[in-house]
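One letter stands for each residue in the lines below.
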Amino acid sequence: MTTTEPAAEVATGVEEVHILWTSEGMSCDGDTVSVTAASLPSLEDVVLGAIPGLPKVHLHNKVLAYETGDDFMRVFHEAARGELEHPFVLVVEGSIPNENINGEGYWTSMGNDPATGEPRPLNTWLDLLAPQAFAVVAVGTCATYGGIHAMAGNPTGCMGLADYLGWDFRSAAGLPVVNVPGCPVQPDNFMETLTWLLYQAAGSAPTIPLDEQLRPTWLFGKTVHEGCDRAAYYEQGDFAKDYNSPKCQVKVGCWGPVVNCNVTKRGWMDGVGGCPNVGGICIGCTMPGFPDKFMPFMDEPPGGSVSSGLLSSTYGPLVRSLRSITNRTVNHEPKWRHNRAELTSGYAPRWTGR
Ligand code: SF4
Ligand code: SF4
(Lines give C-alpha, C1' and ligand atoms only; values in the text may rest on other atoms or scores of the structure.)
(Ligands and ions follow the chains in the order given, each with its own letter.)
Protein backbone atom coordinates (compact mmCIF):
# COMPACT_ATOMS: atom_id res chain seq x y z
CA MET A 1 0.00 0.00 0.00
CA THR A 2 1.29 3.43 -0.86
CA THR A 3 1.11 5.77 2.09
CA THR A 4 2.94 8.80 0.75
CA GLU A 5 0.46 11.59 0.25
CA PRO A 6 1.12 14.40 -2.18
CA ALA A 7 3.55 16.78 -0.53
CA ALA A 8 2.02 19.94 0.81
CA GLU A 9 4.91 22.11 -0.27
CA VAL A 10 7.29 20.49 -2.71
CA ALA A 11 10.26 22.54 -3.75
CA THR A 12 10.58 22.41 -7.50
CA GLY A 13 13.11 23.62 -9.98
CA VAL A 14 15.99 23.24 -7.54
CA GLU A 15 19.29 23.61 -9.41
CA GLU A 16 21.80 22.71 -6.71
CA VAL A 17 21.45 20.30 -3.79
CA HIS A 18 23.67 19.42 -0.86
CA ILE A 19 23.66 15.85 0.37
CA LEU A 20 24.51 15.87 4.06
CA TRP A 21 25.33 12.26 4.89
CA THR A 22 26.04 11.26 8.46
CA SER A 23 27.17 7.76 9.35
CA GLU A 24 27.59 8.71 13.00
CA GLY A 25 24.63 6.61 14.14
CA MET A 26 25.37 3.15 15.53
CA SER A 27 26.97 2.22 12.24
CA CYS A 28 29.79 0.38 10.50
CA ASP A 29 29.85 2.70 7.43
CA GLY A 30 28.95 -0.38 5.37
CA ASP A 31 26.21 1.43 3.48
CA THR A 32 28.55 4.20 2.38
CA VAL A 33 31.03 1.59 1.18
CA SER A 34 28.26 -0.37 -0.53
CA VAL A 35 26.96 2.63 -2.44
CA THR A 36 30.39 3.18 -4.04
CA ALA A 37 29.64 -0.02 -5.98
CA ALA A 38 26.50 1.38 -7.60
CA SER A 39 26.21 1.75 -11.36
CA LEU A 40 22.53 2.59 -11.93
CA PRO A 41 23.60 5.35 -11.54
CA SER A 42 27.00 5.48 -9.96
CA LEU A 43 27.77 8.00 -7.23
CA GLU A 44 30.40 9.50 -9.52
CA ASP A 45 27.85 10.02 -12.31
CA VAL A 46 25.56 11.90 -9.93
CA VAL A 47 28.28 14.00 -8.34
CA LEU A 48 29.96 14.85 -11.65
CA GLY A 49 26.69 15.87 -13.30
CA ALA A 50 26.55 13.08 -15.86
CA ILE A 51 22.82 12.44 -15.38
CA PRO A 52 20.67 14.77 -17.51
CA GLY A 53 18.14 16.81 -15.59
CA LEU A 54 19.54 16.30 -12.10
CA PRO A 55 20.46 19.30 -9.95
CA LYS A 56 24.14 19.90 -9.31
CA VAL A 57 25.03 17.76 -6.30
CA HIS A 58 27.42 18.62 -3.47
CA LEU A 59 28.10 15.42 -1.53
CA HIS A 60 29.28 15.60 2.09
CA ASN A 61 30.14 12.14 3.39
CA LYS A 62 33.06 11.74 5.76
CA VAL A 63 34.28 8.48 4.21
CA LEU A 64 34.44 10.01 0.74
CA ALA A 65 35.18 13.68 1.46
CA TYR A 66 38.40 15.51 0.69
CA GLU A 67 37.75 17.88 3.61
CA THR A 68 38.49 16.78 7.15
CA GLY A 69 37.75 18.03 10.67
CA ASP A 70 36.28 21.52 10.93
CA ASP A 71 36.42 21.97 7.14
CA PHE A 72 34.18 18.94 6.72
CA MET A 73 31.81 20.01 9.50
CA ARG A 74 31.37 23.59 8.21
CA VAL A 75 28.45 22.79 5.90
CA PHE A 76 26.65 20.82 8.63
CA HIS A 77 26.88 23.82 10.96
CA GLU A 78 25.64 26.16 8.22
CA ALA A 79 22.69 23.87 7.58
CA ALA A 80 21.90 23.65 11.30
CA ARG A 81 21.81 27.47 11.46
CA GLY A 82 19.57 27.59 8.37
CA GLU A 83 22.28 29.37 6.40
CA LEU A 84 22.91 26.87 3.64
CA GLU A 85 22.51 28.46 0.22
CA HIS A 86 20.83 25.44 -1.41
CA PRO A 87 18.33 22.81 -0.22
CA PHE A 88 19.77 19.64 1.25
CA VAL A 89 18.95 15.97 1.46
CA LEU A 90 19.85 14.49 4.85
CA VAL A 91 21.12 10.91 4.62
CA VAL A 92 21.37 9.05 7.92
CA GLU A 93 23.37 5.84 8.32
CA GLY A 94 23.34 3.83 11.54
CA SER A 95 20.74 3.40 14.25
CA ILE A 96 19.76 6.22 16.58
CA PRO A 97 20.65 5.68 20.23
CA ASN A 98 18.41 6.56 23.13
CA GLU A 99 20.23 9.52 24.66
CA ASN A 100 17.67 9.57 27.49
CA ILE A 101 19.55 6.62 28.99
CA ASN A 102 23.13 7.71 28.33
CA GLY A 103 24.13 8.21 31.95
CA GLU A 104 26.75 10.94 32.23
CA GLY A 105 27.78 11.04 28.59
CA TYR A 106 26.44 10.36 25.10
CA TRP A 107 26.27 7.29 22.89
CA THR A 108 27.45 8.83 19.64
CA SER A 109 28.33 12.31 18.41
CA MET A 110 29.49 14.26 15.36
CA GLY A 111 31.68 17.34 15.64
CA ASN A 112 31.41 19.78 18.53
CA ASP A 113 28.75 22.18 19.69
CA PRO A 114 30.15 25.63 18.78
CA ALA A 115 28.69 27.15 21.95
CA THR A 116 30.19 24.70 24.42
CA GLY A 117 33.01 22.99 22.55
CA GLU A 118 31.53 19.70 23.75
CA PRO A 119 30.76 16.80 21.38
CA ARG A 120 27.32 17.28 19.80
CA PRO A 121 25.28 14.05 19.91
CA LEU A 122 23.92 12.75 16.64
CA ASN A 123 20.41 13.12 18.07
CA THR A 124 20.91 16.87 18.44
CA TRP A 125 22.02 17.07 14.81
CA LEU A 126 18.88 15.21 13.77
CA ASP A 127 16.69 17.59 15.77
CA LEU A 128 18.35 20.54 14.05
CA LEU A 129 18.68 19.24 10.51
CA ALA A 130 15.77 16.90 9.78
CA PRO A 131 12.96 19.50 9.80
CA GLN A 132 14.96 21.72 7.43
CA ALA A 133 15.86 19.00 4.94
CA PHE A 134 14.19 18.70 1.57
CA ALA A 135 14.12 14.96 2.26
CA VAL A 136 15.44 12.71 5.02
CA VAL A 137 16.72 9.34 3.88
CA ALA A 138 17.58 6.45 6.18
CA VAL A 139 20.14 4.24 4.47
CA GLY A 140 20.61 0.66 5.64
CA THR A 141 18.60 -1.40 8.10
CA CYS A 142 20.20 0.16 11.19
CA ALA A 143 19.01 3.64 10.24
CA THR A 144 15.65 2.45 8.93
CA TYR A 145 14.54 0.09 11.69
CA GLY A 146 17.34 -0.21 14.26
CA GLY A 147 19.00 -3.29 12.79
CA ILE A 148 21.74 -5.32 14.42
CA HIS A 149 22.63 -2.61 16.95
CA ALA A 150 19.04 -2.60 18.21
CA MET A 151 18.87 -6.34 18.80
CA ALA A 152 17.75 -7.86 22.09
CA GLY A 153 20.21 -7.17 24.88
CA ASN A 154 21.77 -4.02 23.41
CA PRO A 155 22.77 -1.35 25.94
CA THR A 156 22.01 1.82 23.91
CA GLY A 157 18.25 1.36 23.43
CA CYS A 158 18.81 2.37 19.83
CA MET A 159 16.15 2.54 17.14
CA GLY A 160 15.40 3.45 13.53
CA LEU A 161 15.15 7.03 12.30
CA ALA A 162 11.35 7.02 11.98
CA ASP A 163 11.13 5.62 15.53
CA TYR A 164 13.17 8.63 16.63
CA LEU A 165 11.69 11.41 14.48
CA GLY A 166 8.20 9.92 14.49
CA TRP A 167 6.47 7.92 11.77
CA ASP A 168 4.37 11.00 11.05
CA PHE A 169 7.49 13.20 10.59
CA ARG A 170 7.46 15.34 7.47
CA SER A 171 10.47 17.01 5.88
CA ALA A 172 10.52 20.55 4.51
CA ALA A 173 9.13 19.15 1.26
CA GLY A 174 6.36 17.31 3.11
CA LEU A 175 7.93 13.86 2.83
CA PRO A 176 8.09 11.20 5.53
CA VAL A 177 11.42 9.57 6.27
CA VAL A 178 12.43 7.61 3.16
CA ASN A 179 13.69 4.16 4.18
CA VAL A 180 16.13 2.19 2.04
CA PRO A 181 16.88 -0.89 4.15
CA GLY A 182 19.47 -3.62 3.64
CA CYS A 183 22.46 -4.69 5.67
CA PRO A 184 24.18 -3.25 3.82
CA VAL A 185 21.92 -1.46 1.38
CA GLN A 186 22.00 -2.83 -2.17
CA PRO A 187 24.05 -0.17 -3.99
CA ASP A 188 21.68 0.59 -6.86
CA ASN A 189 18.63 0.51 -4.58
CA PHE A 190 20.02 3.51 -2.75
CA MET A 191 21.17 5.37 -5.84
CA GLU A 192 17.82 4.89 -7.60
CA THR A 193 16.03 6.28 -4.56
CA LEU A 194 18.39 9.24 -4.34
CA THR A 195 18.02 9.88 -8.05
CA TRP A 196 14.22 9.89 -7.72
CA LEU A 197 14.44 12.45 -4.91
CA LEU A 198 16.84 14.61 -6.91
CA TYR A 199 14.50 14.54 -9.91
CA GLN A 200 11.67 15.38 -7.52
CA ALA A 201 13.68 18.34 -6.23
CA ALA A 202 14.25 19.42 -9.82
CA GLY A 203 10.49 19.33 -10.35
CA SER A 204 10.58 16.50 -12.89
CA ALA A 205 9.36 13.54 -10.82
CA PRO A 206 6.20 12.98 -8.80
CA THR A 207 6.27 12.32 -5.06
CA ILE A 208 8.26 9.22 -4.34
CA PRO A 209 5.95 6.21 -3.71
CA LEU A 210 6.55 4.53 -0.34
CA ASP A 211 4.91 1.58 1.40
CA GLU A 212 3.74 1.37 5.01
CA GLN A 213 7.31 0.76 6.18
CA LEU A 214 8.34 3.86 4.17
CA ARG A 215 10.26 1.81 1.59
CA PRO A 216 10.21 2.70 -2.13
CA THR A 217 7.47 0.49 -3.50
CA TRP A 218 9.19 -0.41 -6.76
CA LEU A 219 12.20 -1.82 -4.88
CA PHE A 220 10.58 -3.62 -1.94
CA GLY A 221 7.17 -4.62 -3.25
CA LYS A 222 8.16 -8.23 -4.00
CA THR A 223 9.71 -10.98 -1.94
CA VAL A 224 13.15 -12.53 -2.27
CA HIS A 225 11.48 -15.81 -3.21
CA GLU A 226 9.51 -14.18 -6.03
CA GLY A 227 12.78 -13.21 -7.68
CA CYS A 228 14.91 -16.23 -6.78
CA ASP A 229 16.57 -18.38 -9.43
CA ARG A 230 16.06 -21.37 -7.14
CA ALA A 231 12.28 -21.02 -6.88
CA ALA A 232 11.79 -23.73 -9.52
CA TYR A 233 13.50 -26.22 -7.18
CA TYR A 234 11.16 -25.09 -4.41
CA GLU A 235 8.13 -25.60 -6.62
CA GLN A 236 9.32 -29.10 -7.54
CA GLY A 237 9.93 -30.01 -3.90
CA ASP A 238 13.67 -30.38 -4.45
CA PHE A 239 15.52 -29.00 -1.45
CA ALA A 240 19.19 -28.56 -0.55
CA LYS A 241 20.30 -30.65 2.42
CA ASP A 242 23.47 -28.63 2.92
CA TYR A 243 25.04 -25.38 1.72
CA ASN A 244 26.97 -27.02 -1.12
CA SER A 245 23.93 -27.38 -3.36
CA PRO A 246 22.36 -25.45 -6.25
CA LYS A 247 18.85 -26.29 -4.99
CA CYS A 248 16.36 -24.35 -2.88
CA GLN A 249 17.76 -23.60 0.56
CA VAL A 250 14.58 -23.21 2.57
CA LYS A 251 15.38 -26.27 4.70
CA VAL A 252 18.81 -24.92 5.58
CA GLY A 253 17.63 -21.52 6.76
CA CYS A 254 16.39 -19.38 3.83
CA TRP A 255 13.69 -16.86 4.79
CA GLY A 256 13.19 -15.69 1.19
CA PRO A 257 9.45 -16.48 0.87
CA VAL A 258 8.53 -13.91 3.55
CA VAL A 259 11.17 -11.21 3.06
CA ASN A 260 10.75 -8.02 1.02
CA CYS A 261 13.91 -7.54 -1.01
CA ASN A 262 14.90 -7.46 -4.67
CA VAL A 263 18.48 -8.72 -4.41
CA THR A 264 17.72 -12.12 -5.93
CA LYS A 265 16.21 -10.33 -8.90
CA ARG A 266 18.77 -7.58 -9.18
CA GLY A 267 22.03 -9.18 -8.08
CA TRP A 268 24.52 -7.18 -6.09
CA MET A 269 26.91 -5.40 -8.45
CA ASP A 270 26.04 -5.15 -12.15
CA GLY A 271 23.66 -8.10 -11.78
CA VAL A 272 26.35 -10.33 -10.26
CA GLY A 273 26.08 -11.86 -6.79
CA GLY A 274 23.19 -11.81 -4.35
CA CYS A 275 22.08 -14.13 -1.61
CA PRO A 276 19.97 -17.29 -2.07
CA ASN A 277 20.32 -17.13 -5.85
CA VAL A 278 24.06 -17.70 -5.45
CA GLY A 279 24.08 -19.99 -2.42
CA GLY A 280 23.64 -17.86 0.70
CA ILE A 281 20.47 -18.19 2.73
CA CYS A 282 18.34 -15.06 3.03
CA ILE A 283 18.54 -13.87 6.64
CA GLY A 284 15.95 -11.11 6.17
CA CYS A 285 18.44 -8.28 6.48
CA THR A 286 16.10 -5.70 4.94
CA MET A 287 13.26 -6.36 7.35
CA PRO A 288 12.03 -4.34 10.34
CA GLY A 289 12.18 -7.54 12.43
CA PHE A 290 15.87 -8.13 11.59
CA PRO A 291 17.82 -9.71 13.20
CA ASP A 292 15.97 -11.05 16.24
CA LYS A 293 12.95 -12.44 14.39
CA PHE A 294 15.22 -14.43 12.04
CA MET A 295 17.68 -15.97 14.48
CA PRO A 296 19.22 -18.49 14.71
CA PHE A 297 19.86 -17.88 11.05
CA MET A 298 20.90 -21.38 10.02
CA ASP A 299 17.83 -23.17 11.35
CA GLU A 300 14.91 -23.93 9.04
CA PRO A 301 12.37 -21.07 9.33
CA PRO A 302 9.12 -21.98 11.08
CA GLY A 303 6.54 -22.65 8.40
CA GLY A 304 9.23 -23.71 5.95
CA SER A 305 8.78 -27.34 6.89
CA VAL A 306 5.02 -27.20 6.33
CA SER A 307 5.16 -25.89 2.77
CA SER A 308 8.33 -27.74 1.82
CA GLY A 309 7.05 -30.94 3.46
CA LEU A 310 3.93 -31.00 1.30
CA LEU A 311 5.96 -30.26 -1.81
CA SER A 312 8.57 -32.91 -0.97
CA SER A 313 6.11 -35.72 -0.44
CA THR A 314 3.37 -35.30 -3.03
CA TYR A 315 3.08 -32.52 -5.59
CA GLY A 316 6.82 -31.99 -6.11
CA PRO A 317 7.83 -35.57 -7.13
CA LEU A 318 4.82 -35.86 -9.47
CA VAL A 319 5.58 -32.56 -11.21
CA ARG A 320 9.29 -33.43 -11.45
CA SER A 321 8.48 -36.77 -13.04
CA LEU A 322 6.06 -35.31 -15.61
CA ARG A 323 8.48 -32.53 -16.46
CA SER A 324 11.26 -35.03 -16.89
CA ILE A 325 9.21 -36.93 -19.51
CA THR A 326 8.41 -33.71 -21.38
CA ASN A 327 12.00 -32.58 -21.06
CA ARG A 328 13.20 -35.77 -22.78
CA THR A 329 10.67 -35.20 -25.59
CA VAL A 330 11.66 -31.61 -26.28
CA ASN A 331 15.31 -32.57 -26.16
CA HIS A 332 14.92 -34.41 -29.50
CA GLU A 333 14.58 -32.72 -32.88
CA PRO A 334 11.43 -33.28 -34.98
CA LYS A 335 11.67 -36.27 -37.36
CA TRP A 336 11.49 -34.20 -40.59
CA ARG A 337 14.96 -32.76 -40.10
CA HIS A 338 16.96 -35.20 -42.27
CA ASN A 339 19.12 -35.36 -45.39
CA ARG A 340 17.11 -37.90 -47.39
CA ALA A 341 15.93 -37.16 -50.95
CA GLU A 342 12.41 -36.35 -49.83
CA LEU A 343 10.67 -33.54 -47.98
CA THR A 344 8.70 -34.76 -44.98
CA SER A 345 8.05 -31.47 -43.18
CA GLY A 346 4.42 -31.38 -44.33
CA TYR A 347 5.00 -28.40 -46.63
CA ALA A 348 2.00 -27.88 -48.93
CA PRO A 349 2.56 -25.12 -51.55
CA ARG A 350 -0.48 -22.91 -52.04
CA TRP A 351 0.92 -21.26 -55.25
CA THR A 352 2.17 -23.44 -58.07
CA GLY A 353 3.66 -20.63 -60.25
CA ARG A 354 1.14 -20.99 -63.13
S1 SF4 B 1 16.50 -20.44 -1.88
FE2 SF4 B 1 15.12 -19.18 -0.57
S3 SF4 B 1 14.37 -17.52 -1.91
FE4 SF4 B 1 15.29 -19.11 -3.23
S5 SF4 B 1 13.59 -20.46 -3.82
FE6 SF4 B 1 14.45 -21.35 -1.96
S7 SF4 B 1 13.27 -20.45 -0.26
FE8 SF4 B 1 12.90 -19.19 -2.06
S1 SF4 C 1 18.19 -11.53 -0.10
FE2 SF4 C 1 17.85 -11.55 2.13
S3 SF4 C 1 19.90 -11.55 3.08
FE4 SF4 C 1 20.11 -10.92 0.92
S5 SF4 C 1 20.04 -8.67 0.90
FE6 SF4 C 1 17.94 -9.38 0.57
S7 SF4 C 1 17.02 -9.52 2.63
FE8 SF4 C 1 19.25 -9.39 2.91
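As shown above, the structure is provided for reference.
Calculation criteria
Residues numbered from 1 in each chain as written. Chains lettered and ligands numbered in written order. Predicted model: local features only at pLDDT ≥ 70, side-chain atom pairs only at ≥ 80, totals over all residues. Heavy atoms only, no water. Pairing = 2+ DSSP bridges. Helix = DSSP H or I, 4+ residues; strand = E, 2+ residues; numbered from the N terminus. Axes fitted to C-alpha atoms, helices over the stretch in contact; angles between N-to-C directions. Contact = heavy atoms within 4.5 Å. Near = heavy atom within 4 Å. 1 Å grid on protein atoms, 1.4 Å probe; cavity = no way out; pocket = protein on both sides within 12 Å on 5 of 7 lines; lining within 4 Å. Sits in = over half its atoms within 2 Å of the grid points. Nonpolar A, V, L, I, M, F, W, Y, C, P; charged D, E, K, R; others polar. Buried < 20%, exposed > 50% of the residue type's maximum accessible area, 1.4 Å probe, protein only. Points joined across faces, edges and corners; volume = space filled by probe spheres on them.

As a further point, take the sheet that holds strand E3 (residues 88-93). On the basis of which strands lie adjacent, the open sheet formed by 5 strands has the order E2-E1-E3-E6-E7 and parallel pairing. Unpaired on one side and paired on the other, strand E2 (56-61) and strand E7 (178-180) mark the two borders of the sheet. With direction set aside, neighbouring strand axes in the sheet form an average angle of 20°. In the sheet, strand E6 (residues 135-139) pairs with E7 via 3 bridges, with the strands oriented parallel. Its bridge partner lying in E7, Val 137 is registered against Val 178. The strands that helix H3 (residues 69-80) touches are strand E1 (16-22), E2 and E3; relative to E1, the one it contacts most, it runs at about 110°. Taken strand by strand, helix H7 (residues 187-202) contacts E1, E2, E3, E6 and E7, and its axis lies near 155° from that of E7.

What follows deals with the site of ligand 1. Taken together, Val 224, His 225, Cys 228, Arg 230, Ala 231, Cys 248, Gln 249, Val 250, Cys 254, Gly 256, Pro 257 and Pro 276 make up all the residues around ligand 1. Structurally, ligand 1 is housed in the largest cavity. Of the residues that constitute the shell around ligand 1, the class distribution is 8 nonpolar, 3 polar and 1 charged.

As a further point, take the site of ligand 2. As a structural note, the neighbourhood of ligand 2 is formed by Val 224, Val 259, Cys 261, Val 263, Cys 275, Pro 276, Cys 282, Ile 283, Gly 284, Cys 285 and Thr 286. Taking a 2 Å distance to the grid points as the criterion, the majority of the atoms of ligand 2 fall inside the largest pocket. By residue class, the composition of the shell around ligand 2 is 9 nonpolar, 2 polar and no charged.

So, about the side chain of Asn 123. Inspection of the secondary structure assignment puts Asn 123 in helix H4 (residues 122-129). Residue classification places Asn 123 among the buried positions, given a relative accessible area of 5%. Excluding anything up to four places from it in sequence, Asn 123 contacts Ile 96, Pro 97, Glu 99 and Tyr 164.

Now for the layout of surface pockets. Roughly 230 Å³ of internal volume is contained in the largest pocket. As for the largest pocket, its lining consists of 24 residues, and the residues nearest its centre are Cys 261, Val 263, Trp 268, Cys 275 and Cys 285. Among the residues making up the lining of the largest pocket, the classes are represented as 16 nonpolar, 8 polar and no charged. By volume, the second largest pocket is sized at about 170 Å³. Leu 59, Asn 61, Leu 64, Ala 65, Tyr 66 and Glu 67 together form the lining of the second largest pocket. Split into classes, the residues belonging to the lining of the second largest pocket amount to 4 nonpolar, 1 polar and 1 charged.

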